[in-house]
Amino acid sequence: MKAYTAGLRESRVPTVRAEVDLGALRQNLRAVRAAAGGVPVLGVVKANAYGHGVELVAPVLAAEGVRAFAVANVSEGIALRALGIDGAVLVFTPPLPQELPAYVAYGLDVAVTSPVVAEAVLAHPGPFRVHVEVDTGMHRLGLSPAETPDVVRRLQAAPHVEIVALWTHLATADEDDLAFSREQLACLEAVLAATGGLLPVHVANSGALAQLPEAVRQRALVRPGGLLYGIPATEIVAARVPVRPVMRLVSRVVHVQTVPAGESVSYGRTWRAAQPTRIATVAAGYADGLPRQLSNRGRAGVRGRLVPYAGAVCMDLLMLDLGPPDGPLGDVEPGEEVVLLGPGGPPALDLAEAAGTVTYALTAGLTARVVRVATEAAPGAGARNFRAPPDLSSV
Ligand SMILES: *Cc1c(COP(=O)(O)O)cnc(C)c1O
């Protein structure tokens, strides 16, 4: 066994590395705050901060003065406390009754999303801070408009329960057509009036923050995720709030070859060389979270040029078409860096479209094998001015 202990350190040498630019994160927070016009920001850090590494992201947001966070479930809430986050932590997914003691122990805010959840909260000694969610049309979670006033009254009458806010979630705030978002907002206003009109309210995700001022102004807070990470879900949102990508996903070429005309590449033989072609094999695959749907559709950055994927994405490897042997990338060698996502490679919106998915799913889908590393761009520097990556030459 002794011979292997030196390998423990080496086992953390990343094959696929997600560089997380904390300077970009701070800058995006400033852009979000400008768009919010003084309304406090609740930082949405669910799903490991959309795959960026909550241990890197949450402390930076807290140091920048963010006082409220949201996570998907109790485990993520406890993880935030373990990081020393002492602000408000809202758990978006409703509790099961057996989870309520953990909300008390860790001071987590409860999402009351149904009369059943309200009864569980009323039956437990608490104390609880609750956010009452109204289903204004997304039909995912939340009290119906009709049942909300009575539930609010019952919670208000309970001395161990504090209602922090009434809230809802918009189904189409990222999109061009805002008619349904406005219907949802009107529904929320009616429910608010029916509860006496005095409760604080929060509504805005990134899309609403970008393009629905009535979801932002005079609300208790805004709840952005995607904008903080610089991965807007649509071009519309991207055009309205100036953010830049926080993540740059990097791997290496591990093998190169010239594939003769007519030969195929990868499983299923779905790609064929029209002419002699340099093919680079890259150490990244669907086990790192790259969608297999990127087969023959994705692109990656090599020496600042975007080159297409060749053939099926494998579990741990993918192949790139570097062009002809006498082309500008004909002399690419094993060890060279490949940018799979972000500055120097494909923008998240392009890669998401190629995979038939959304930007959030790309970063949130990165697996535990991807090592997250904090980098800092110099203030005011271009997005590609990263600190040198870890030196791998000694291992
Ligand atoms: C994920 C989520 C958000 C954040 O959405 P973005 O589009 O990333 O800004 C806000 N509110 C709720 C309820 C969510 O589930």
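Here's what I pulled together on the structure shown here. The shown structure was predicted, so the numbers you read here are calculated from the model rather than taken from an experiment.

1. Comments concerning the pairing of strand β4 (residues 88-91)
Next up, step 1: Bridge count for strand β3 (residues 68-71) against β4 is 4 bridges, and the pairing is parallel. Bridge pairing links V71 to V91 in β4.
Next up, step 2: Regarding topology, helix α5 (residues 74-82) serves as the crossover connection from β3 to the parallel β4, and that connection is right-handed.
Next up, step 3: Summarising the sheet, β4 and strand β5 (residues 108-112) pair through 3 bridges and their orientation is parallel. Counterpart to V91 in the pairing with β5 is V110.
Next up, step 4: Following the chain from β4 across helix α6 (residues 100-106) to the adjacent parallel β5, one finds a crossover that is right-handed.

2. Here's the deal with the pattern of salt bridges
Next up, step 1: The tally for this structure, following the rule as stated, stands at 16 salt bridges.
Next up, step 2: Between R17 and E19 there is a salt bridge, and its shortest N-O distance comes to 2.7 Å.
Next up, step 3: Judged by its relative accessible area of 2%, E19 falls in the buried class.

3. A word on helix α4 (residues 54-63)
Next up, step 1: For α4, every residue scored as buried is listed here: V54, L56, V57, A58, V60 and L61.
Next up, step 2: One or two positions beyond α4, positive phi appears at G65, with a value near 100 degrees.

4. Points about the packing of aromatic side chains
Within a pair of aromatic rings, the relevant descriptors are the distance that separates the centres and the angle that separates the planes.
Next up, step 1: A full pass over the atoms with the stated rule returns 3 aromatic pairs.
Next up, step 2: Here a set of aromatic residues connected by ring pairs shows up, and it is made of Y50, Y229 and Y360.

5. Quick notes on the site of the ligand
Next up, step 1: Contacts to the ligand come from 14 residues, most closely from K46, Y50, S206, G226 and Y360.
Next up, step 2: Within the contact set of the ligand, an oxygen atom lies 2.7 Å away from a side-chain nitrogen or oxygen of K46.
Next up, step 3: Interatomic distance of 2.7 Å between a side-chain N/O atom of Y360 and an oxygen atom of the ligand.
Next up, step 4: Notes on the ligand: free accessible area 390 Å², of which the protein chains cover 93%.
Next up, step 5: Broken down by class, the residue content of the shell around the ligand amounts to 6 nonpolar, 5 polar and 3 charged.

Here is what the cut-offs are and how they apply
Residues numbered from 1 in each chain as written. Predicted model: local features only at pLDDT ≥ 70, side-chain atom pairs only at ≥ 80, totals over all residues. Heavy atoms only, no water. Pairing = 2+ DSSP bridges. Helix = DSSP H or I, 4+ residues; strand = E, 2+ residues; numbered from the N terminus. Right-handed = clockwise from strand over helix to strand, strands pointing away. Salt bridge = Lys/Arg side-chain N within 4 Å of Asp/Glu carboxyl O. Buried < 20%, exposed > 50% of the residue type's maximum accessible area, 1.4 Å probe, protein only. Phe/Tyr/Trp six-rings, centres within 6.5 Å; stacked < 30°, edge-to-face > 60°. Near = heavy atom within 4 Å. Polar contact = N/O pair within 3.5 Å; in protein donor to acceptor, adjacent residues only side chain to side chain. Areas by Shrake-Rupley, 256 points an atom, 1.4 Å probe, with all protein chains shown as cover. Nonpolar A, V, L, I, M, F, W, Y, C, P; charged D, E, K, R; others polar.

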